[in-house]
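Observations on chain architecture
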Amino acid sequence: MTSGPGVLVLRALGLGDLLTAVPALRALRRHLPGHRMVLAAPAALADAVSAIGVVDELLPAGGPDRAVPAVLDWSGPPPDLAVDLHGNGPPSLRVLTELRPARLIAFHHPSRPGVAGPAWRSDDGERARWCRLLRWYGIPADPDDLRVPAPDRPSPAPGAVVLHPGADHGSRRWPPERFAAVARALRARGQPVALTAGPAELPLARAVAELAGMPPSAVLGGRLSFPDLAAVLAGARAVVSGDTGPAHLATALGTPSVTLFGPLSPALWGPPDSRAHRALWHPGPADGLRPGDPHADRPDVRLLRITPTEVLDALAALPPRSSVRHSPGAPP
């Protein structure tokens, strides 16, 4: 809940979505330095929102399965400005216009002819999409301004290659035996390996550790806070994961990474730096660039075309952590 006018930004999605919105949030912060910026996002992201340090307040909000929240618990005068970084359609426009903001920044939608804005494009990369929206309204925004500060705490696994086998949906989960094959090969070369997992992903991570002959202590997760997870990834040699929150966090922290893509193209959700961040994706002739179902229960066929050998080769091609270039406006 908030009182007083300010800027209200709607992005009631997950961790990866929050991190891909950092360039747009940072652009708004620079453009409106005297305003109080409130982000409507799930309460579970409170630590992440605080660590990023761009907004002043989190307004807890969220809907089931990434849906637009039905209402926003905003009190006091209408916001000076409402910004729709959630999507493009009547639900997000409705929940913001009901607050009667003095100004609204949003993509144009035929159902709301009174809302000015640029046309939505399905081929926009996620970071670029929201920066293009802001630029249309005269707000300079750089999609590469995505870095976030590393936490001021040590990693429990410094220098390890961190594997994150989990993802919210099966379509983006590379098979556990393949993660285990990568872990075994790395350990045979003398490279330390650690696994991370969210609360619901612990059984999967423990299964990968067992398949790889690793002790249960190699699994760092369950109740890792955001600062703890960020410390693990910030101190890693590299991160290997599917297209999920930790992949975006590795990019934001400047940790070299290999991200495995399945239903969605890395052109839409992938990292910006192809040298420090490798995106693996294999659409077949019948697939084209058409997206698969990101909410399916089974691994996407494009994800299954990625082999452990390919992941190991991509890891070997990554630059040393110390040589990764900082993005504009990033912490050193």
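A few points on the structure. (Residues numbered from 1 in each chain as written. Predicted model: local features only at pLDDT ≥ 70, side-chain atom pairs only at ≥ 80, totals over all residues. Heavy atoms only, no water.)

1. Points about the overall build of the protein
For the protein, the count of helices and strands is twelve helices and eleven strands. In terms of overall size, the protein behaves like a compact globule, its C-alpha atoms giving a radius of gyration of 20 Å where 332 residues would be expected to give roughly 20 Å. Taken along its principal axes, the extent of the C-alpha atoms in the protein is 60 × 50 × 35 Å. For the protein, with 332 residues in total, the buried portion stands at 55%. Partitioning the intrachain contacts of the protein with sequence separation of at least 6 by distance along the chain shows that 64% fall at a separation of at least 24. Of the roughly 14,000 Å² of accessible surface on the protein, a fraction of 55% belongs to carbon and sulfur atoms. (Helix = DSSP H or I, 4+ residues; strand = E, 2+ residues; numbered from the N terminus. Rg over C-alpha atoms; globule rule 2.2 N^0.38 Å. Buried < 20%, exposed > 50% of the residue type's maximum accessible area, 1.4 Å probe, protein only. Contact = heavy atoms within 4.5 Å. Areas by Shrake-Rupley, 256 points an atom, 1.4 Å probe, with all protein chains shown as cover.)

2. Topic: the nonpolar core
If you look at the biggest cluster of nonpolar residues, it comprises 51 residues, and the most contacted ones within it are Val9, Leu25, Val83, Leu85, Leu134 and Leu249. With residues up to four places along the chain from it excluded, the contact list for Val9 reads Leu25, Leu28, Met37, Val38, Leu39, Ala40, Val83 and Leu85. Residues Trp174, Val182, Val240 and Val311 belong to the second largest nonpolar core, which totals 31 residues. (Core = buried A, V, L, I, M, F, W, Y, C linked by side-chain atoms within 4.5 Å.)

3. Observations regarding helix H4 (residues 90-97)
Taken together, the buried positions of H4 are occupied by Ser92, Leu93, Val95 and Leu96. Looking straight down H4, one finds that the buried residues subtend no more than 165 degrees of arc, so they occupy a single side. Residues of H4 that are buried in the fold lie against strand E1 (7-10), strand E4 (81-84) and strand E5 (103-105). (Arc of directions from axis to C-beta.)

4. Points about the layout of surface pockets
The volume enclosed by the largest pocket comes to roughly 1,300 Å³. When residues of the lining of the largest pocket are traced back to their parent elements, those giving at least two are helix H1 (15-20), helix H3 (46-52), strand E7 (193-197), helix H7 (202-211), helix H8 (226-234) and helix H9 (245-253). Of the residues contributing to the lining of the largest pocket, the split by class is 22 nonpolar, 14 polar and ten charged. Roughly 540 Å³ of volume is contained in the second largest pocket. If you go around the second largest pocket, you meet 27 residues; those closest to its centre are Trp120, Ser122, Glu126, Arg129 and Trp269. Counting only elements with at least two residues in the lining of the second largest pocket, the list comes to helix H5 (126-136) and helix H10 (266-269). Residue composition of the lining of the second largest pocket, grouped by class: twelve nonpolar, seven polar and eight charged. (1 Å grid on protein atoms, 1.4 Å probe; cavity = no way out; pocket = protein on both sides within 12 Å on 5 of 7 lines; lining within 4 Å. Points joined across faces, edges and corners; volume = space filled by probe spheres on them. Nonpolar A, V, L, I, M, F, W, Y, C, P; charged D, E, K, R; others polar.)

5. Considering empty space enclosed by the protein
Rolled over the atoms, a probe as big as a water molecule pinpoints where empty space is left. As enumerated under the stated definition, the model contains three cavities of 30 Å³ or more in all. The calculated volume of the largest cavity comes to roughly 80 Å³. Lining the largest cavity are Leu19, Thr20, Arg127, Leu146, His248, Thr251, Ala252, Trp269, Gly270 and Pro271. Among the elements that make up the lining of the largest cavity, the one with the highest residue count is H9 (three residues).

6. Remarks on the sheet that holds E4
Either a parallel or an antiparallel arrangement is found when strands of a sheet pair, and the pairing is made through backbone hydrogen bonds. With parallel pairing, the five strands of this open sheet are ordered in space as E3-E2-E1-E4-E5. Bordering the open sheet on either side are strand E3 (57-60) and E5, each of which pairs with just one other strand. Here the average twist between neighbouring strands, direction ignored, is 20 degrees. In this structure, E4 lies alongside E5, joined through three bridges in parallel fashion. (Pairing = 2+ DSSP bridges. Axes fitted to C-alpha atoms, helices over the stretch in contact; angles between N-to-C directions.)

7. A few points about H9
Within an α-helix, residues lying three or four positions from one another point in the same direction, as the helix has 3.6 residues per turn. Most of H9 is tucked away, with nine of its nine residues classed as buried. Within H9, the full set of buried residues consists of Gly245, Pro246, Ala247, His248, Leu249, Ala250, Thr251, Ala252 and Leu253. Of the residues flanking the end of H9, it is Gly254, one or two places downstream, whose phi is positive at about 80 degrees.

8. Looking at the side chain of Glu201
Looking at the secondary structure, you find Glu201 in the loop between E7 and H7. An unpaired buried charge is present at Glu201: no salt bridge exists, and Arg173, the closest side chain of opposite charge, is 6.1 Å distant. A distance of 2.7 Å separates a polar atom in the side chain of Glu201 from the backbone nitrogen of Gly198. Ignoring anything within four residues of it in the chain, the contact list for Glu201 reads His164, Gly166 and Ala167. (Lys, Arg positive; Asp, Glu negative; His and termini not counted. Salt bridge = Lys/Arg side-chain N within 4 Å of Asp/Glu carboxyl O. Polar contact = N/O pair within 3.5 Å; in protein donor to acceptor, adjacent residues only side chain to side chain.)

9. Considering the pairing of strand E6 (residues 161-164)
Residue alternation in E6 divides its side chains into two sets, Val161 and Leu163 and Val162 and His164, and both sets are buried. Strand direction decides the pairing type here: E6 and strand E9 (residues 238-242), joined by four bridges, are parallel. For Val162, the partnering residue across the bridge sits in E9 and is Val239.

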